[in-house]
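For reference, the chains in residue letters:
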Amino acid sequence: MNIKEKVYKALSSSRELTSLLVKDRRSRCIYPGVSPNAGSYPIIVYNVISDVPVLVADGEEMERRVTVRIHILTKDGHYEDIYSAVRKAILKLGFMRKQSLETAEKDVFVYCVDFVAGIGVDE
């Protein structure tokens with residue numbers, strides 16, 4: 001299972017998190033990469049934004065650093081409970097918070113958080 005799949009599994013298996021999100025017609029509330037125009041919020045979009053080698057020995061990559069960006073999209077700007085649930089799920093995977101940013105796009109509030117982890121090459 002690759003890191004993107006692990007992140008999705010961690011987020012989607014959190015009952016605490018999914019109970020705070022609105023599901024679309026196909027019962028989705030967590031989207032990899034980009035969300036369709038869901039029309040209802042809050043939802044989550046996640047991306048792997050960086051995957052770089054950090055430890056190389058004898059010409060072989062031994063460890064890499066992966067950064068995952070999670071966007072929490074809401075209509076009202078109230079994301080604190082959702083962020084708390086996201087944080088719990090992601091920290092269990094060995095990630096730590098790197099940075100965050102609040103923004104608004106048209107009529108949607110977006111809380112964007114980057115989490116980073118050092119992982120083995122085979123993960």
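So, here's what we can say about the structure. The structure presented is a predicted model; accordingly, all values stated were derived computationally and were not measured. (Residues numbered from 1 in each chain as written. Predicted model: local features only at pLDDT ≥ 70, side-chain atom pairs only at ≥ 80, totals over all residues. Heavy atoms only, no water.)

### Details of helix α3 (residues 80-91)
- With 12 residues, α3 should reach 16 Å at 1.5 Å per residue; the first-to-last C-alpha distance of 16 Å fits that figure.
- Every buried residue belonging to α3 is among Ile82, Tyr83, Ala85, Val86, Ala89 and Ile90, and all of these are buried. Looking straight down α3, one finds its buried side chains confined to an arc of 165°; they lie on one side.
- Taken together, the buried residues of α3 touch α1 (3-12), α2 (15-18), β2 (43-57), β3 (60-74), β4 (96-105) and β5 (108-120). (Helix = DSSP H or I, 4+ residues; strand = E, 2+ residues; numbered from the N terminus. Expected span 1.5 Å × (residues − 1). Buried < 20%, exposed > 50% of the residue type's maximum accessible area, 1.4 Å probe, protein only. Arc of directions from axis to C-beta. Contact = heavy atoms within 4.5 Å.)

### A short note on the environment of isoleucine 90
- Take isoleucine 90: it is sitting in helix α3.
- Owing to a relative accessible area of 1%, isoleucine 90 belongs among the buried residues under this scheme.
- Taking the C-alpha atoms as reference points, isoleucine 90 and glycine 39, separated by 51 residues in sequence, lie 26 Å from one another.
- Those residues in contact with isoleucine 90 that lie beyond four places of it in its chain are Val7, Leu11, Ile70, Phe95 and Phe115.

### Digging into α1
- Considered for burial, the residues of α1 that qualify are Ile3, Val7, Ala10 and Leu11. With its buried residues spanning 95° around the axis, α1 presents them on a single face.
- Buried residues along α1 sit against α2, β1 (30-32), β2, β3, α3 and β5.
- Between a side-chain oxygen at the N-terminus of α1 and the backbone nitrogen of lysine 4 the separation is 3.0 Å; the capping residue is asparagine 2. (Polar contact = N/O pair within 3.5 Å; in protein donor to acceptor, adjacent residues only side chain to side chain.)

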